[in-house]
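Listed below are the residues making up each chain.
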Amino acid sequence: MATRRILVIAGSDSSGGAGLEADQKVIAAHGCYAMTSTTALTAQNTQGVRGIHETPSEFVKKQIDACIEDVGVDVVKTGMLASAATIEVVADALSRHHVAVSVVDPVMVSTSGAQLLPEAAVKTLCGSLLPLTTILTPNLPEAKLLLRTAGVAFKEEPENVQDVIDIAKAIQQLGPTYVLLKGGHLPLTKDRLTSKKEADRDIVLNVLCGNGKILLMESKYIVTKNTHGTGCSLASAIACNLASGMDMEQAVKLANRYVEAGIKLSKDIGKGSGPINHFHSTYSLPFAPGGFIEYLLERDDVREPWKEHTEHVFVQQMAQGTLPLAIFKHYLIQDYLFLIHFSRANALAAYKAKTLEDISRSAKTVMHIQEELKLHLEYCKEFGIDKEEVERNEESQDTFDVAHRYVLDIGQSEDWLALQVALLPCLIGYGMIAKRLYNDPNTTREGNIYWKWIETYVADDYTEATVNGSELVEKHAVRQSASRIDELAQIFIHATKMEAGFWDMGVAGA
Ligand SMILES: Cc1ncc(COP(=O)(O)O)c(N)n1
């Protein structure tokens, strides 16, 4: 999907819960691209507004033009506009740049009671901006102020649903294509009536009016102090949904649910009315794309088992050439048998893969292992072990048995990626061991009968296989959830311990 660009024209809330700070969080959480034109700075926190520093209107215009003339824009969202002059600038910009969709949150007074738009500017808002607005999102106090300013008669104290609908309709007459009248300031009773009693509050009713239709959206009234910036967040969520191509009803319904969950899942921040949780459905992975394996190896719970696997005494003795030959021979035979099981596991991975590309990759690995097995037999010959002897040997029924059963069990009970991760410690482990020993000046080269083993696993052939396998895992890792990544890490740890166990078996088994 093309990048969806949202230009926010609003004030900054230094405490990050409302204003363009909230807008940008919402936009990021929706996967859209946010640009800003800052109308004012506020010194603000969850308890109140301490000061307002207005941006000169000409500068607001400069920011808008700079963004749209270069990046372009899909939806403009406005919040605190601070002055009549800035409202004129915004209205002029919407016309000049032929902005197709605009979401206007008529911010006038903050929840904490600070005046964010002078009363005198409300007239300008009605006259200049509302006729250009795609959707206006007033709360009830804002709606009343708009109607009073426009000189429209309405029922000041709505008592039931119809009264609220009438207000929404009256606002729509002022020019916006759609009006979303937010009912958070007037929770209704179970019977959809107004009540002065706190205990009767049960339902929040939002009314969407436009396109000749009225849509009533109800949600449960939530008792919470964390509502700072809900209006800003709702309008931004609508802007994102519209930019994504949704129709108005769907955009508003989804945005309502987004904010509702944000209120429910908010954490107390600050001493006053805290912000909603903007990222309740955004789970970021602990690694950048392509960095899954590196992340795994750096994890606290992986480092120790990984070291036990890759720096095992068996490996160190190979490097020094001091590993008893009988132990190595036993290992060679067991490794041959292991490779057969490793092929089976890869064949199972081919079966579990969803695309032909991934099936082919696993099949290629099986073919690769077949070649490796031939080389392995030749290698065995050098140590005086012939094919018959290798095949006469039974698998040891100890750790080794447990090790390949574990991989195959993961393969059967879990998904394709889990199986790939279970195979990973063997695949990349051998490559990393060999590379380290190959580059270590302390490794004995002259006369070391195990030097060839090291060379085998730094050779292009094997390196290619590890790159192939790693890329495959990386490609799929970025599509997982954070909690799944944790589960995969546990599988990796277990499989790594099995690899270390394989070396243990080598040392003990001969
Ligand atoms: C910069 C800025 N913009 C908007 C609001 C309204 O948010 P709320 O109604 O939650 O106080 C605000 N407090 N500050």
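Residues numbered from 1 in each chain as written. Predicted model: local features only at pLDDT ≥ 70, side-chain atom pairs only at ≥ 80, totals over all residues. Heavy atoms only, no water.

Q: Help me out: how do you make sense of the overall build of the protein chain in this one?
A: Assigned secondary structure in the protein chain consists of 19 helices and 9 strands. Computed over C-alpha atoms, the radius of gyration of the protein chain comes to 33 Å, more than 25% over the 24 Å expected from 2.2 N^0.38 for 510 residues, which places it beyond the range of a compact globule. Considered along the principal axes of its C-alpha atoms, the protein chain spans approximately 105 × 50 × 45 Å. Across the 510 residues that make up the protein chain, the buried fraction comes to 53%. Once local pairs closer than 6 in sequence are excluded, the contacts in the protein chain between residues at least 24 apart make up 74%. Summed over all atoms, the accessible surface of the protein chain reaches about 23500 Å², with 53% contributed by carbon and sulfur. The protein chain carries 49 positive and 65 negative side-chain charges, and their two centres are separated by 7 Å. (Helix = DSSP H or I, 4+ residues; strand = E, 2+ residues; numbered from the N terminus. Rg over C-alpha atoms; globule rule 2.2 N^0.38 Å. Buried < 20%, exposed > 50% of the residue type's maximum accessible area, 1.4 Å probe, protein only. Contact = heavy atoms within 4.5 Å. Areas by Shrake-Rupley, 256 points an atom, 1.4 Å probe, with all protein chains shown as cover. Lys, Arg positive; Asp, Glu negative; His and termini not counted. Charge placed at Lys NZ, Arg CZ, Asp CG, Glu CD.)

Q: So what exactly am I meant to see when it comes to the pattern of salt bridges here?
A: Note that side chains of opposite charge can pair when their charged atoms are close. Considering all chains together, one arrives at 28 salt bridges under this definition. Ionic pairing is found between D92 and R96, a salt bridge with its closest N-O pair at 2.9 Å. On the criterion of helical spacing, the pair formed by D92 and R96 is a turn pair, its members being 4 residues apart in helix α3 (residues 84-96). By relative accessible area, R96 is classed as partly exposed at 34%. Where K452 meets E382, a salt bridge forms, and the shortest distance between an N and an O atom there is 2.7 Å. (Salt bridge = Lys/Arg side-chain N within 4 Å of Asp/Glu carboxyl O.)

Q: Please clarify how the pairing of strand β2 (residues 33-44) should be interpreted in this entry.
A: Here is the key point about a regular strand: its side chains alternate between the two faces of the sheet. Strand direction decides the pairing type here: strand β1 (residues 5-13) and β2, joined by 9 bridges, are parallel. Within β2, the residue paired with I9 across the bridge is S37. Viewed along the sheet, the connection from β1 through helix α1 (residues 19-29) into β2 turns out right-handed. Summarising the sheet, β2 and strand β3 (residues 49-54) pair through 5 bridges and their orientation is antiparallel. Its bridge partner being in β3, A43 is matched across the sheet by G51. Counting the residues in the hairpin turn of β2 and β3 gives 4 residues. (Pairing = 2+ DSSP bridges. Right-handed = clockwise from strand over helix to strand, strands pointing away.)

Q: Help me out: how do you make sense of the site of the ligand in this one?
A: Around the ligand sit 14 residues in total, of which G11, Q44, S110, T111 and G229 are the nearest. Within the side chain of Q44, an N or O atom sits 2.8 Å from a nitrogen atom of the ligand. Here T111 contributes a side-chain N or O atom positioned 2.8 Å from an oxygen atom of the ligand. A total of 350 Å² of accessible area belongs to the ligand in isolation, and the protein chains cover 92% of it. Its residues placed into classes, the shell around the ligand shows 5 nonpolar, 9 polar and no charged. (Near = heavy atom within 4 Å. Polar contact = N/O pair within 3.5 Å; in protein donor to acceptor, adjacent residues only side chain to side chain. Nonpolar A, V, L, I, M, F, W, Y, C, P; charged D, E, K, R; others polar.)

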